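So the chains spell out like this:
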Amino acid sequence: MESLIQHARTITPHPSTSPHPHLRTGTNATAPQRPEALFIACSDARVSPSFLTGARPGQLFELRNVGNVVPPYRPGRPTGEAATIEYAVGVLGVTDIVVCGHSDCGAVRTLRPGGLSISAFTTWWWLTRTNQRSRQAAAAAPADPGQLHLLAQLEKLRRYPKVARGLAHGRLRVHGWFYNLSDGRILAAPTENSPSAASFAPL
Ligand SMILES: [Zn+2]
């Protein structure tokens, strides 16, 4: 942790100095944010949206949780994920949403039969309540369960009212990425019209 603190100290702008160079290159730190995309990713420490995309501060609006989960949209039952998606699309006006799954995901393992751990009961309970379909798929599927889990999140995301309207009017695009930790490659999920896990292809 000490190295993280030391690095944080090096980027803290002093009031009497100019902003740090990484903020000067294309981003005014005091201007309102205008991110290009909402990036939904797992909290896994090995998944870094900035590393994967090369994004500078200001380019990505991020939503991260265990398992890059998009809960089902339920009117009158707000979640942090629903609020973040609504804000990104409705207020910030992002034109793209990326849902990024990854290999060797602990959340996906939790959803498989026998995945319950007493030391992470809340995790198991939340994941199973928000992922009924991907849990069933993971139990029976011959394909990569992580990719099936990603497809399930994309399907739920497209049902959010603001997302559905944005897609219908051509203002919004939804992307599914699957990051393979073993070789560093990113695969693109199939489109809505071809929702087969066999159709994942290099980005
Ligand atoms: Zn994960």
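What counts and what doesn't
- Residues numbered from 1 in each chain as written.
- Predicted model: local features only at pLDDT ≥ 70, side-chain atom pairs only at ≥ 80, totals over all residues.
- Heavy atoms only, no water.
- Donors = N, O, S within 2.8 Å, 3.2 Å for Na, K, Ca; no water.
- Buried < 20%, exposed > 50% of the residue type's maximum accessible area, 1.4 Å probe, protein only.
- Helix = DSSP H or I, 4+ residues; strand = E, 2+ residues; numbered from the N terminus.
- Contact = heavy atoms within 4.5 Å.
- Pairing = 2+ DSSP bridges.
- Axes fitted to C-alpha atoms, helices over the stretch in contact; angles between N-to-C directions.
- Salt bridge = Lys/Arg side-chain N within 4 Å of Asp/Glu carboxyl O.
- UniProt positions renumbered as here; feature names shortened; annotations may be inferred.

Undergrad: Now, about the coordination of the zinc ion: what can you tell me, with residues and values included?
TA: Distances from the zinc ion to its protein donors, C42 (SG), H102 (NE2) and C105 (SG), fall within 2.0 to 2.2 Å. One chain supplies every donor for the zinc ion, spaced along it as C-x59-H-x2-C. Since its relative accessible area comes to 4%, C105 is described here as buried.

Undergrad: Lay out the environment of L116 with the relevant residues and their values.
TA: Its location among the elements puts L116 in the loop between α5 (106–111) and α6 (121–130). Distance from L116 to T128, taken between C-alpha atoms, is 9.8 Å for residues twelve residues apart in sequence. Each residue touching L116, except ones within four places of it in the same chain, is listed here: T110, F121 and W124.

Undergrad: How would you summarise the sheet that holds strand β4 (residues 173–179) if you had to cite specific residues and measurements?
TA: Taking strand neighbours across the sheet as the criterion, the six strands line up as β2-β1-β3-β4-β5-β6 in an open arrangement whose pairing is mixed. The open sheet has two free edges, formed respectively by β2 (60–65) and β6 (201–202), since each of these has just one partner strand. Looking at chain direction, strand β1 (residues 37–42) and strand β3 (residues 96–102) are connected through five bridges and run parallel. Looking across to β3, one finds that I40 is bridged to V99. Across the sheet, helix α8 (residues 145–157) is in contact with β1, β3, β4 and β5 (186–188); its angle to β4 comes to roughly 165 degrees.

Undergrad: Outline the pattern of salt bridges, supporting the account with residue identities and numerical values.
TA: What the rule picks out here adds up to six salt bridges. Linking R109 and D104 is a salt bridge whose minimum nitrogen-to-oxygen distance equals 2.7 Å.

Undergrad: Now, about the pairing of β1: what can you tell me, with residues and values included?
TA: In terms of burial, β1 is largely enclosed, as six of its six residues are buried. Residues A37, F39 and A41 point to one face of β1 and L38, I40 and C42 to the other, with burial holding for every one of them. In terms of strand pairing, β1 meets β2 through six bridges, oriented parallel. Looking at β2, one finds that I40 is bridged to L63.

Undergrad: Explain the UniProt feature "binding site: Zn(2+)" (unreviewed entry) in the protein to me, and be specific about the residues and the numbers.
TA: The UniProt record annotates "binding site: Zn(2+)" (unreviewed entry) at C42, D44, H102 and C105. In three dimensions, the annotated residues from a span of 64 residues occupy one location, with a maximal C-alpha spread of 8.9 Å. Among residues more than four places away in sequence, those in contact with C42 are V47, R64, N65, V66, G67, N68, C100, H102 and C105. Position of H102 relative to the elements: it lies in strand β3.

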